[in-house]
Amino acid sequence: MVTDIKDTAHAVEAAAVMRLLPARPRLLALGEPTHGEDTLLDLRNELFQQLVEEEGYRTIAIESDCMMGLVVDAYVTSGTGTLDDVMEQGFSHGWGASGANRELVRWMRAYNVRADTDGRPASERLRFAGFDGPLEITGAASPRQALTALHDCLSTQVDADLLPCTAETLDRLLGTDDRWTNPAAMMDPAQSAGQSAEARELRLLADDLVALLDAQTPHLITATSRDDWDRARLYGRTATGLLRYHFWMADTSPARMTRLVGLRDLMMADNLRAVAERGPALVHAHNGHLQRHKSTMRMWDQPLLEWWSAGALVSAHLGGGYAFLATALGTIRHQGVDTPPPDTVEGLLYALPEDHRVVDPRRLATALGDTRPAARVSPYYGYSPLDPAHLAGNDGIVFVKDVPQS
């Protein structure tokens, strides 16, 4: 059995990944089964650098705040700011403290300037994108930044009579930011401002501002640039997404948490589709956000939550333009994850001699024949094993044998 499986495994290189796919996908996504391990991110960096240099990918998108990501993009494309400031201000979820993420940003900037003293042409430069919403597990950001930025973009380019409101009206309706970011609202819907009279009016105004942006597209692209128009669309998606999220934070029905986790992945999917419009892109996030089947999670005393992942949503729209590589691993001993049982997918792959391999799941299924691998049970809440029932939903599996403490 090990010999048969070994024939399906190859070094983790761009060429081996592309051989798994019928053509270069517009979005090539690499998942990870746990967060915060630089070993996995170092491997991501090596693979993504090869895919940029050998396959022409020009955007790298990661699971981080889409608004904060604009800070990173400005640095890697134009050198705006310092690397220290960018790592502090350009990432959510604490990702800016990662040495591997710092190296990724440093390399992207170096790639854009190393061709000559003038740097690469704009069409060949690497771009960075965060594709998560401005959300944390404890709540969501105020819609102020996105909503006022959208209004500012429009107010400088279109007739004032077309605007549905003034900036002063938005400021009055938004109120103080702490009414939106109150962490108690995640556990107590009554603490949320999302269904207040002001929030309901803001949802209508945000919708009108986005409609105006869409209606003025030819003029806006000509008067400014496609990049400026893309950024305004990001503001619009984020403003409407946040207002929608806050609305459902104030909900008291049993479906409240299912709606919230689903809305987060919907925001991710919308951002990824916008990234794909710009050209071929590489994506990195948790396997659970990128897989093609439903995601599941159990939170607090809630029933099991099920919702469609961002990967499933994007795949439904892009078809063959989306490809997903799931990362699986053997051990994270510092988190109590020891050698996997031999009857699991991870256990079978762990028997291979190499530390890092990319595996064709279709050939793996053939090698397994009628053998049905057991599902691995994780002793660590932060690690999600592969679901053997969904192997066919992966275009490839990247296997990392041992993950040492970062």
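Residues numbered from 1 in each chain as written. Predicted model: local features only at pLDDT ≥ 70, side-chain atom pairs only at ≥ 80, totals over all residues. Heavy atoms only, no water.

Looking at an unreviewed UniProt entry, the protein carries the name Erythromycin esterase family protein, with the source organism given as Streptomyces acidicola.

A. Just the side chain of Arg120, in detail. One can find Arg120 in the loop between α6 (99-113) and β4 (127-132). One buried charged residue, Arg120, remains without a salt bridge, the closest side chain of opposite sign being Glu124 at 4.4 Å. (Helix = DSSP H or I, 4+ residues; strand = E, 2+ residues; numbered from the N terminus. Buried < 20%, exposed > 50% of the residue type's maximum accessible area, 1.4 Å probe, protein only. Lys, Arg positive; Asp, Glu negative; His and termini not counted. Salt bridge = Lys/Arg side-chain N within 4 Å of Asp/Glu carboxyl O.)

B. Structural context of the packing of helix α3 (residues 38-55) against α6. Between α3 and α6, whose axes approach to 8 Å, the crossing angle comes to 15 degrees. The angle between α3 and α6 falls in the class roughly parallel. For the pair α3 and α6, the sense of crossing is right-handed. Listed contacts from α6 to Asp38, Leu41, Asp42, Arg44, Asn45, Gln49, Val52 and Glu53 of α3 are Gly99, Ala100, Asn101, Glu103, Leu104, Trp107 and Tyr111. (Axes fitted to C-alpha atoms, helices over the stretch in contact; angles between N-to-C directions. Parallel < 35°, antiparallel > 145°, perpendicular 65-115°, else oblique. Left-handed = near helix turned anticlockwise from the far one by under 90°. Contact = heavy atoms within 4.5 Å.)

C. Main features of the packing of aromatic side chains. Within the structure shown, the criterion is met by four aromatic pairs. Relative to Phe128, the ring of Phe91 lies with its centre 5.6 Å away and its plane at 70 degrees, an arrangement referred to as edge-to-face. On the criterion of sequence distance, the pair formed by Phe91 in the loop between α5 (83-89) and α6 and Phe128 in strand β4 is long-range, its members being 37 residues apart. Each ring, one from Tyr380 and one from Tyr381, has its centre 5.4 Å from the other, and the planes form 70 degrees; the classification is edge-to-face. On the basis of relative accessible area, Tyr380 is assigned to the buried category, the value being 15%. The ring centre of Tyr111 lies 3.8 Å from the NZ or CZ of Arg120, which sits over that ring. Arg179 extends its terminal NZ or CZ atom over the ring of Trp180, reaching a point 5.5 Å from the ring centre. (Phe/Tyr/Trp six-rings, centres within 6.5 Å; stacked < 30°, edge-to-face > 60°. Lys NZ or Arg CZ within 6 Å of the ring centre and 35° of its normal.)

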